[in-house]
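# Fold and geometry: a report
Residue strings, one per chain:
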Amino acid sequence: MFAACTLWLIAGWQAASAQAVAPDTVQLSVQRSDEALYLTARLELAPEAPVESALFKAVPLYFVWQVDVYRQRWYWADKRVASANRTLRLAYQPLTRRWRMSLSSEAGGNSTGAGLQYTLHQNFESLTDALAGVGRVSRWKVADAARLEEGGSHRIEVRFRLDLSLLPRPFQIGMANQPEWTIDVERSLVVPERTETEKRPDSRGEALPVAEPPPSAPTEPAR
């Protein structure tokens, strides 16, 4: 009986230690303007060894950004007023030894991701740079301003995950029992009630408020 309990405790400890760690959230902010609602986010991705090994074997992986915008209601469940999706396909190209990231604004696709239409492609020299591109969005338009009700309180739910359903069939077998393949993070943000001043990037790529022109000096009447 003691031996059985010991084995059970060891198995439980191993299962707990094998739990995948969610990506670190380096930056996450939402901006509201007169035209739209924008999301800026940056995650630090560090996939486990089996995931990295599959990438180097030229197995394409699909990462999904999903955003839902909700109108908060005290008398009922919150109402979803807008949604936005991004699917990123990351694949290694052995002939050129480069990494290719492809962007689709569609959700779903078939079991191999072939049903998605990609509108943007970008190449990277290293896996580190490619993962940085996958885990970053900058001023992503997630909803039109008209979707936000005047005077209401809103929040957005942000989710980033590795979509295992788009992996090749042989890799999907037994994935539910392999936590190292779980890359999933969810965050919630409150939408500002007022619009913010439009910003422009400076020479270092940082956003700065657009400066107002100085008032002109009054002219003296001619004598």
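Residues numbered from 1 in each chain as written. Predicted model: local features only at pLDDT ≥ 70, side-chain atom pairs only at ≥ 80, totals over all residues. Heavy atoms only, no water.

## Quick notes on the overall build of the protein chain
Basically, it comes down to this: Only DSSP runs of H or I reaching four residues or more are called helices, and only runs of E reaching two or more are called strands; each is numbered from the N terminus. Only protein chains enter the accessibility calculation, which uses a 1.4 Å probe; a residue is then buried when its area is under 20% of its type maximum, exposed when over 50%, and partly exposed in between. Contacts were defined at the residue level, with two residues in contact if any of their heavy atoms lie within 4.5 Å. Per-residue and other accessible areas were derived by the Shrake-Rupley procedure at a 1.4 Å probe size, with only the shown protein chains allowed to occlude residues.
Along the protein chain, the regular secondary structure elements total four helices and 11 strands. The buried share among the 223 residues of the protein chain stands at 35%. Here the contacts in the protein chain between residues at least 6 apart in sequence split such that 64% fall between residues at least 24 apart. Of the roughly 14,400 Å² of accessible surface on the protein chain, 52% is carried by carbon and sulfur atoms.

## Topic: the pattern of salt bridges
The following threshold applies: Salt bridges are defined by distance alone: a side-chain nitrogen of Lys or Arg within 4 Å of a carboxyl oxygen of Asp or Glu.
Tallied over the full model, the rule gives eight salt bridges. Between Arg155 and Glu157 there is a salt bridge, with the nearest N and O atoms lying 2.3 Å from each other. You can call Arg155 buried: its relative accessible area is 18%. A single network of salt bridges, built from pairs that share partners, joins Asp78, Arg155 and Glu157.

## A closer look at the pairing of strand β1 (residues 24–32)
To keep it simple, the criterion reads: Strands were regarded as paired on the criterion that DSSP finds at least two bridges between them.
Where β1 meets strand β2 (residues 36–44), eight bridges bridge the pair, whose relative direction is antiparallel. Across the sheet, Leu28 pairs through a bridge with Ala41, a residue of β2. The antiparallel hairpin formed by β1 and β2 contains three residues in its connecting segment.

## Section: the nonpolar core
The criterion, for reference: Residues enter a nonpolar core if they are buried and are Ala, Val, Leu, Ile, Met, Phe, Trp, Tyr or Cys, with the set joined through side-chain atoms within 4.5 Å.
Ranked by internal contacts, the top residues of the largest apolar core, which has 44 residues, are Leu90 and Ile156. Top contributing element to this core by residue count: strand β4 (residues 79–93), with six residues. Apart from the residues lying within four places of it in its own chain, the contact partners of Ile156 are Val30, Leu37, Leu39, Val67, Asp68, Val69, Arg187, Ser188, Leu189 and Val191.

## Details of the sheet that holds strand β9 (residues 184–190)
Note the threshold: Only C-alpha atoms enter the line fits that serve as axes; for helices the fit covers just the stretch in contact. Angles between N-to-C directions range over 0 to 180 degrees.
Strand order in the open sheet made by the six strands is β6-β5-β4-β3-β8-β9, with antiparallel pairing throughout. The open sheet has two edge strands with one neighbour each: β6 (120–124) and β9. Going from strand to strand, the sheet's axes swing by 15° on average, the running direction of each strand aside. Taken together, the nine bridges between strand β3 (residues 61–71) and strand β8 (residues 154–162) define a ladder with antiparallel strand orientation. For Arg71, the partnering residue across the bridge sits in β8 and is His154. Here helix α2 (residues 49–56) sits on the sheet in contact with β3, β4 and β5 (98–104), set at roughly 60° to β4. Here helix α3 (residues 127–134) sits on the sheet and contacts β3, β4, β5, β6 and β8; the angle it forms with β4, its principal contact strand, is near 165°.

## Remarks on the confidence of the model for the protein chain
The following threshold applies: pLDDT runs from 0 to 100 and stands for how confident the predictor is about each residue.
Summarising the model, the protein chain shows a mean pLDDT of 79, and 72% of its residues fall at 70 or more. The model gives residues 1–18 a pLDDT under 50, and that stretch makes two contacts with residues more than four places away or in other chains. In the predicted structure, residues 201–223 sits below a pLDDT of 50 and forms 14 contacts with residues beyond four places in sequence or in another chain.

## Considering the packing of aromatic side chains
Using the following cut-off: Aromatic contacts are taken between Phe, Tyr and Trp rings whose centres are within 6.5 Å, Trp giving its six-membered ring; a plane angle under 30 degrees counts as stacked, one over 60 as edge-to-face, and the others as tilted.
For the coordinates displayed, the defined rule picks out six aromatic pairs. Taking the centre distance of 5.9 Å and the plane angle of 10° together, the rings of Phe63 and Phe160 count as stacked. Residue Phe63 is located in strand β3, and its partner Phe160 is located in strand β8; the two are separated by 97 residues in the primary sequence. Across this residue pair, the class does not change: Phe63 and Phe160 are buried.

## Some details on α3
So the rule is basically this: When we speak of the arc, we mean the arc of directions from the helix axis to the C-beta atoms.
Along α3, the residues classified as buried are Leu127, Ala130, Leu131, Gly133 and Val134. The buried residues of α3 occupy an angular sector of 155° when projected down its axis, which confines them to one face.

## Examining the sheet that holds β1
To summarise the sheet geometry, strands pair through backbone hydrogen bonds and adopt either a parallel or an antiparallel arrangement. Across the sheet, three strands lie side by side as β1-β2-β7; this open sheet has antiparallel pairing. Taken across any chain shown, the strands that pair with only one partner, and hence form the sheet edges, are β1 and β7 (136–144). Across the sheet, the mean angle separating the axes of adjacent strands is 20° when strand polarity is ignored. Strand direction decides the pairing type here: β2 and β7, joined by six bridges, are antiparallel. Note on β7: the bridge partner recorded for Tyr38 is Lys141.

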